[in-house]
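Coordinate analysis (summary)
One letter stands for each residue in the lines below.
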Amino acid sequence: MEINIIGGGPAGMYFAILMKQADAAHDITICERNGPDDTFGWGVVFSGKTLANLRDADAISHAEITREFEAWDNVDVVHGQDKISIHGNSFSGIARIRLLKILQARCDQLGIRIHFRNEVSDIDALKQESDLLIGADGVNSRVRQRYADHFQPNLSTRPNMYIWYGTNQLFHGLTLTFRKNDAGVFAAHSYKFNHTTSTFIIECDQETWSRAGFAEMSDGDTRAYLKKVFAQDLHGEELLSNNSKWINFVLVKNAQWQFENVVLLGDALHTAHFSIGSGTKLAMEDAIALRHCFDRASNVSAALAQFEEVRRPVIEDYQAVAYESMLWFENARSYMRLTPIELAYSLMTRSGRLAHETLKRRDPNFVVLYERATRPA
């Protein structure tokens, strides 16, 4: 098959790797508008289950990825002067640029062409040249926009503002930190992804953002303000910017996932709020699912139809869980009245995915503390 992929992120590259691995005769080209060393953001997160899926799909890239990992099993919730730790959660982090480099090298090893700094100007022409065209070009997908009448996208811009920083302060575990000042409530999502650096995502509601005056602040002024907000957590370390800007989370859904020989993958197809994990995980698992459909189907149309049939319920369930988590953070201000142990329990159970008994099996000590603290007098 002649396969063209628009978007050289994890979704596009990983699908190319899996298809080339399945049949070396596939002619696969990736067009990526950015350069090979360009990346936005800092670290990305994988669960233990996702790592098992990556190992089964391509053991070579899995070995390289896991060699770079920082792993943890704790979620820490910081509220006021208290930190509550909940154990039994399997996660790993890696620098996004390192993940991209590993996948780029694997593509090169398999003979997959990647054309960097290549913005596809005529998507229709590329579609005609292809047996299969993949739109893996992110939240602002041009492929999705070009065939919007067929995909029927639904994009919902959420009210909270967030900004994605790095820091050399190391957070050993997924740390959720809540701080208040005169402007309002700020929440930070942080975790280390290598030996020297942590991701540090800060979000707040629109009222807090406006009262703080971020609209008029420079990048340096914004980082100085937020460093002060999280002073007791950063311990003097700076917030590191990588084209970091305040943005709103966009919830992406599509009524149709495929059209003729075109299909969407990753953030072009769906998004899930960053508070429950990485879009990178979903993107790479999309690639695995689509590859399996090609293993079973007799032609492109059948494979794409099967992909939508088997993968859509998984994504819809994941998005439903992520939606509840997103709502919790959008209303974080209302939870600041809780004690630290109550806040930690509310956070762990916010999506409805983690039941009381499951949490008790993961970390019985935490549940005992919670039950003791909330027992009627």
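Below or above, wherever it landed, is the structure these notes cover. (Residues numbered from 1 in each chain as written. Predicted model: local features only at pLDDT ≥ 70, side-chain atom pairs only at ≥ 80, totals over all residues. Heavy atoms only, no water.)

**Topic: the pairing of strand β5 (residues 75-79)**
Summarising burial for β5: 5 of the 5 residues are buried, a large majority. In β5, alternate side chains face the same way, and those of V75, V77 and H79 on one face and D76 and V78 on the other are all buried. With antiparallel pairing between neighbouring strands as the criterion, β5 and strand β6 (residues 82-86) make up a hairpin whose turn holds 2 residues, including G80 at a positive phi of roughly 65°. Note: β5 against strand β11 (residues 174-180), 5 bridges, orientation parallel. Counterpart to V77 in the pairing with β11 is L176. (Buried < 20%, exposed > 50% of the residue type's maximum accessible area, 1.4 Å probe, protein only. Helix = DSSP H or I, 4+ residues; strand = E, 2+ residues; numbered from the N terminus. Pairing = 2+ DSSP bridges.)

**Thoughts on a negative patch on the surface**
On the surface, E2, D122, E129 and D131 cluster together into a negatively charged patch. Looking at where E2 falls in the secondary structure, it is placed in strand β1 (residues 2-6). (Patch = residues over 30% accessible without salt bridge, like charges linked within 9 Å, V, L, I, M, F, W, Y side chains within 5 Å. Areas by Shrake-Rupley, 256 points an atom, 1.4 Å probe, with all protein chains shown as cover. Salt bridge = Lys/Arg side-chain N within 4 Å of Asp/Glu carboxyl O. Lys, Arg positive; Asp, Glu negative; His and termini not counted. Charge placed at Lys NZ, Arg CZ, Asp CG, Glu CD.)

**Things to note about the sheet that holds β1**
The mixed open sheet is built from 6 strands, whose spatial order is β8-β2-β1-β9-β17-β16. Of all the strands in the sheet, the pair left with one neighbour each is β8 (113-116) and β16 (258-259). Alignment of β1 against strand β2 (residues 27-32), held across 5 bridges, turns out to be parallel. Across the sheet, residue I5 finds its bridge partner in β2, namely I30.

**Notes on the pairing of strand β3 (residues 43-47)**
By the criterion of burial, β3 is predominantly enclosed, with 5 of the 5 residues buried. Here 5 bridges tie β3 to strand β7 (residues 91-95), and the two strands are oriented antiparallel to one another. Its bridge partner lying in β7, F46 is registered against S92.

**Quick word on the pattern of salt bridges**
Scanning the entire structure with this criterion turns up 23 salt bridges. Of the charged contacts in the structure, one is a salt bridge between R98 and E68, with a shortest N-O distance of 3.1 Å. Pair noted here: R98 is in helix α4 (residues 96-110) and E68 is in the loop between α3 (59-67) and β4 (70-72), with a separation of 30 residues, a long-range link. Residue class for R98 comes out partly exposed when judged on its relative accessible area of 30%. By relative accessible area, E68 is classed as partly exposed at 30%. Between E316 and R312 there is a salt bridge, and its shortest N-O distance comes to 3.5 Å. One end of the pair, E316, and the other, R312, are both in helix α12 (residues 300-330), 4 residues apart, so they sit about a helical turn from each other. The exposure class assigned to E316 is partly exposed, which follows from its relative accessible area of 43%. One salt-bridge network, held together by shared partners, links D205, E207, R211 and R333.

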